[in-house]
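Chain and residue survey
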Amino acid sequence: MHRAVGSDDGTGVVTAPAKPVIEIEKLNLVFQTPDAPVHALSDVDLTVNAGDFVSFIGPSGCGKTTLMRVIADLETPTGGHISVNGMTPREAREQRAYGYVFQAPALYPWRTVRKNVMLPLEIMGLDKAEQERRARDNLALVNLEGFEKKFPWQLSGGMQQRVSIARALSVEPDLLLMDEPFGALDEITRDHLNEQLLRLWDQTGKTVIFVTHSIPESVFLSSKIVVMSPRPGKIMDVIDCDLPRDRKLDIRETPEFLAIAHRVREGLRAGHSYDD
Amino acid sequence: MIGFLKRDWTLSGFLVLALVSFTLPVGSGEGGRLFWTGEMGALILGLIGVSIALFHQWRGTDGPAGALLVSLGVILGAAGLLLLIDPAYEQGTAGPGLWLYLLALGLYAWRAMDLLSRNATGKRALSLLVPALFGMWLIYVWQVVTTGFQVPSVLLPSPVQIAVAFAGHLDILAADFYQTFVKSVLSGFVMGCGAGFLVAILVDRIPFMQRGLLPLGSLVSAIPIVGIAPIMVMWFGFDWQSKAAVIVVMTFFPMLVNTLAGLEATSHLEKDLMRSYAASYFQTLLFVRLPNALPFIFNALKINSTLALIGAIVAEFFGTPIVGMGFRISTEVGRMNVDIVWATIAVAALAGSLFYGGIALIERSLTFWHPSYRGKT
Amino acid sequence: MRGIPMMTEAVLPASSGGGWSRLYQGKTIPVLTVLLFLCAIWYAGAVYLNSSVLISGYERNNVEWDAGRLVSDAWAMERPILPAPHQIAEEINKTVFQKKITSKRSLVYHAWVTTSATLLGFAFGALLGIMLAVGIVHVQTLDRSLMPWVIASQTIPILAIAPMIIVVLGNMGLTGTIPKSIISMYLCFFPITIGMVKGLRSPDVLQLDLMRTYSASTAQVFWKLRVPASVPFLFASLKVAIAISLVGAIVGELPTGAVAGIGARLLAGSYYGQTIQIWSALIVASVLGMLLVFLVSVIERLVMKKMGYGT
């Protein structure tokens, strides 16, 4: 997949044709609990274009994971409109339009790495040869050649999470939903995986939605940052992050990076995210 | 019409089968055939049950109110059949109408439980009602089938016969309960659990013994220990002492193994903290290790409560003075008084679940902090 | 997911000793010591318990006796109150290895009678328990109505129904293996149901969500997720179940005065005061119980290894 990306000098003018993948209007989600109804999402409007890398950032309880789960049809909204690839989330899910990476690897201990990656393909009923091909290709994509025969518990935490990314990619979706995928890892492993993820995004041109509560992570990875605040969960700010696409870790010390990080922090503060 | 039927197939099935069964004879024999119309009260109750089903299918809600209404319909419909059974039985044998109606009622009851369980989440009263209705349904079918098929009471007495036997032999049942439960079970349980606990505390100080006992302890769980009953009867005589001895041996090992495992459950962090306070062995035991072991100890107590009753009853099969639940079961079965046997079993079941429930209550009040109880109210 | 092995090694005290200390630190030596200790207590107990009968016998017959004679007699009585371990070993040797296994006096024959009922009941109990668990996990109404009763049944002494089942089925013309295995069956299907329900429910929300993102059908979730996840739980409950299945079969032999089976040997021994016979039947039953549990755990290990569950 080839994409024309304006090599960008900080002016923020990107000239790629923007086709919306996800369109959300006035989305509401109220959970009924025994005590009182909880407004998990309140009047959320958002558009995600093809090829975007969008981060949802905010404190716990701001609805960032819930919003992602609505996109994945794991939750049903109580009001508003949402479309994924021009379909309802349910239709999108049934057509396997997205790959989902959870906070934990959620690998099956009784399956080898290769069989874990093949799991969704078995469910989709692909033929054996195709399953094998995709497992091989996607494990190679996350640099895990040679580990096919291992069991998940024989791998480190970072490697397990890479397997789960390969598993999400094996569906060959245009949309990748990642829910704090590196949250449980140590910072050094996390930096490394962040770099790998960026490279992957650049190579494949997929649309990525990424939930995090780390400001540096969101700025480092994203082309667009969605700042959310809790009680009720709503969007405070949408920040375009126009750093060059081939970012290295040391970009995090540049003034441009720090300026965006500052703006994210301001957005969080405005949403009272730092209050008790 | 199809829409009406399609709303819920089980309820539609009930309606169709019940209406058909109204036209069939419920009893037949020398006195001719008996129809529902022969017993006006039964017919009225049955028709009320059917009307409730009709109404619910037509415009009832699936909420708690609808669920309760359908349950009421089931109970009224079931009561109608009960009124019909005795006259049907007098005719000679129960007829096809009765069985068809029972089948229909099964569908009706299923729909009631289905509706109740859908509304039961988070509501304590409703979630208790579902198993209660299920239990009542089982007893009801037992009653109807045993009377309808005229099952000889030597094989399977009806619930009513058992209840009559229960009420008629209260003195015997009470004496049996006192002999078996109060004398044998309680004393054996206390001695066995106490011994297991004390030995565990002692062994815990000697890691060598612990490593030697733990593997054996798990092997013991594979052994049918009840088999020592005849030996204990020889050693300690027919009275409760021999039963208590069997229980002591049966309950000792579960308590030992669980307490040892529980004492190991304290994390290194917690132990290191006590070390940093320069706490003595007994202080560490009392403040940290025993509280951490409590869930394990209660687990053993709960396992042992059932084991103790089994031990006492089975040991009584090998010889008793002429009182006790095990004695009652084995002799009355021989005399074909199966209704008294069932009454005794009911007492045993009640005693067992109350005993277990009591321990579980104490556990809850002592280990409320444990993750398995937190968050439950 | 797993602890880091290096950590646990670091916690162990640095042992400078050689093979001996390794044996001491391991399990074999402690277990053997405990067994030896129990054996010594047993011999001492045999002397203590049997002495009063012997002494009164000596006095009645005016026999000169001393401690040495008392001890050797106490370990060689024909109907001792507590037989010495070697007497039991002799009896087992006689009835297990020196009798033809088809003989009514062979303990192997009796053990087989009990084992066949145990295994038959266990097989049916497992089947019933698993089917019930599948129903409970998939049908909410069953979960709400039946499951509380299955749990409650754990607290009542169901074994008390055994004599009635035997006698009632006997009246209907059913005798032999079937009634015993019915007792075994209903004893072991409850724990299997509970274990299997736990196992089929063990996949967490994350794994169920994962299957949902694949739009997997209920059958696919069942076969690809729930069933493999339930295997460890299934085997844990099978081990409990086979042990109580044996208890059920033995108790099932008591009420009608069955002529064959380990329970029958216990009963006959207690009628005629043949303590050595009782003890040897008991030991054989224990070995049988351990063998059956061991058999299940061997199958467990094979299955788990094949599935890749690691150690």
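Remember, it's a predicted structure, so these values are computed and weren't measured experimentally.

Turning next to the overall build of chain C. When you go through chain C residue by residue, the secondary structure sums to 14 helices and zero strands. Each helix and strand of chain C, ordered N terminal to C terminal, gives the series α-α-α-α-α-α-α-α-α-α-α-α-α-α. Across chain C, the fraction of contacts at a sequence separation of at least 24, relative to all contacts at a separation of at least 6, is 76%.

Looking only at helices and strands, one finds eight helices and nine strands in chain A. The C-alpha radius of gyration computed for chain A amounts to 19 Å, which stays within 12% of the reference 19 Å derived for 276 residues, consistent with globular compactness. Seen through its principal axes, chain A has C-alpha atoms that stretch 50 × 50 × 40 Å. The 276 residues of chain A split such that 43% are buried. For chain A, the share of sequence-separated contacts (at least 6 apart) that also reach a separation of at least 24 residues comes to 69%.

Reports often express the size of an interface as the amount of accessible area lost when the parts come together. Entries for chain C in the domain assignment read domain 1 (12-82) and domain 2 (107-307). Its C-alpha centre places domain 1 of chain C at a distance of 37 Å from the equivalent point of domain 2 of chain C.

One can find C:M290 in helix α14 (residues 275-307). Judged by the 16 C-beta atoms lying within 10 Å of it, C:M290 is partly exposed. Separated by 47 residues in the primary sequence, C:M290 and C:A243 have C-alpha atoms spaced 8.1 Å apart. Residue contacts for C:M290: discarding those within four places in its chain leaves B:L219 and B:A222.

With 50 residues of chain B at the contact, the number on the chain C side is 45 residues. Listing elements by their share of the side of chain B that touches chain C, those giving two or more residues are α5 (96-119), α6 (124-148), α9 (207-220), α10 (229-236), α13 (281-317), α14 (325-334) and α15 (338-366) of chain B. Considered class by class, the residues forming the side of chain B that touches chain C number 38 nonpolar, ten polar and two charged.

Below, the discussion takes up the sheet that holds strand β9 (residues 234-240) of chain A. All names here are of chain A. If you walk across this open sheet you meet the six strands as β5-β6-β7-β3-β8-β9, and the pairing is mixed. Each edge of the open sheet carries a strand with a single partner, namely β5 (98-101) and β9. On average, adjacent strands in this sheet sit at an angle of 15° to one another, irrespective of strand direction. Where strand β3 (residues 53-57) meets strand β8 (residues 224-229), four bridges bridge the pair, whose relative direction is parallel. Counterpart to S55 in the pairing with β8 is I225. Contacts from helix α1 (residues 64-71) reach β3, β6 (175-179), β7 (207-212) and β8, with the element oriented near 150° to β7.

All names here are of chain B. End to end, helix α11 (residues 240-263) covers 33 Å across 24 residues, agreeing with the expected 34 Å (1.5 Å per residue, within 8%). Along α11, the largest kink reaches about 25° and is centred on T251; proline P254 follows within four residues of it. Here α11 lies mainly inside the structure; 21 of its 24 residues are buried.

The subject of this paragraph is the sheet that holds strand β2 (residues 38-49) of chain A. Residue and element names in this part refer to chain A. One open sheet holds the three strands; their spatial order is β2-β1-β4, and the pairing between them is antiparallel. Only two strands of the sheet have a single neighbouring strand rather than two, namely β2 and β4 (79-84). When the angles between neighbouring strand axes are averaged without regard to direction, this sheet yields 15°. Relative to β4, strand β1 (residues 20-31) runs antiparallel, the two being bridged by five bridges. What sits directly across from I22, in β4, is V84.

This part covers unusual backbone geometry. Located in the positive-phi region is B:M336, a residue other than glycine, with phi close to 65°. Among the secondary structure elements, B:M336 is positioned in the loop between α14 and α15. With 15 C-beta atoms counted inside 10 Å, the residue B:M336 sits in the partly exposed group. The phi torsion at C:S215 lies on the positive side, around 50°, for a residue other than glycine. With respect to the helices, strands and loops of the structure, C:S215 is situated in the loop between α11 (205-213) and α12 (218-252).

Another point: the UniProt feature "domain: ABC transporter" (unreviewed entry) in chain A. As recorded in UniProt, the feature "domain: ABC transporter" (unreviewed entry) lies at residues 24-257 of chain A. Between the end C-alpha atoms of residues 24-257 of chain A there is a gap of 28 Å, over a span that is 35% helix and 25% strand.

A few words on the nonpolar core. Membership of the largest hydrophobic core comes to 167 residues, with the highest contact counts inside it found for B:Y108 and B:A112. Here this core takes 15 residues from α13(B), the largest share from any one element. Contact partners of B:A112, with chain neighbours within four places excluded, come to B:A67, B:V70, B:S71, B:V74 and B:L133. Counting 76 residues, the second largest nonpolar core, distinct from the first, contains A:F210, A:C241, A:I260 and C:Y214.

With that settled, consider the packing of helix α6 (residues 107-138) of chain C against helix α13 (residues 262-272) of chain C. Residue and element names in this part refer to chain C. Axis separation between α6 and α13 bottoms out at 7 Å; the angle between their running directions is 125°. Between α6 and α13, the angle falls in the class oblique. Between α6 and α13, the residues in contact are H110, A111 and T114 and I262, G263, A264 and R265, respectively. Classifying every residue of the contact of α6 with α13 gives three nonpolar, three polar and one charged.

As a further point, take the pairing of β1(A). All names here are of chain A. Pairing between β1 and β2: eight bridges, direction antiparallel. Paired with V30 across the two strands is H39, which belongs to β2. From the end of β1 to the start of β2, which pair antiparallel, there are six residues.

Another aspect to go through is the confidence of the model for chain A. For chain A, the mean per-residue pLDDT works out to 81, and 92% of the residues sit at or above 70. Counting contacts from residues 1-15 of chain A, a segment whose pLDDT is below 50, to residues more than four positions away or on other chains yields 20 contacts.

Cut-offs used in this document
Residues numbered from 1 in each chain as written. Chains lettered and ligands numbered in written order. Predicted model: local features only at pLDDT ≥ 70, side-chain atom pairs only at ≥ 80, totals over all residues. Helix = DSSP H or I, 4+ residues; strand = E, 2+ residues; numbered from the N terminus. Contact = placed C-beta atoms within 7 Å. Rg over C-alpha atoms; globule rule 2.2 N^0.38 Å. Buried ≥ 20, exposed ≤ 12 C-beta atoms within 10 Å, placed from the backbone. Domains from an automatic or database assignment. Nonpolar A, V, L, I, M, F, W, Y, C, P; charged D, E, K, R; others polar. Pairing = 2+ DSSP bridges. Axes fitted to C-alpha atoms, helices over the stretch in contact; angles between N-to-C directions. Expected span 1.5 Å × (residues − 1). Bend = angle between axes of the 7 residues up to and from the residue. UniProt positions renumbered as here; feature names shortened; annotations may be inferred. Core = buried A, V, L, I, M, F, W, Y, C linked by C-beta atoms within 7 Å. Parallel < 35°, antiparallel > 145°, perpendicular 65-115°, else oblique. pLDDT = per-residue confidence, 0-100.

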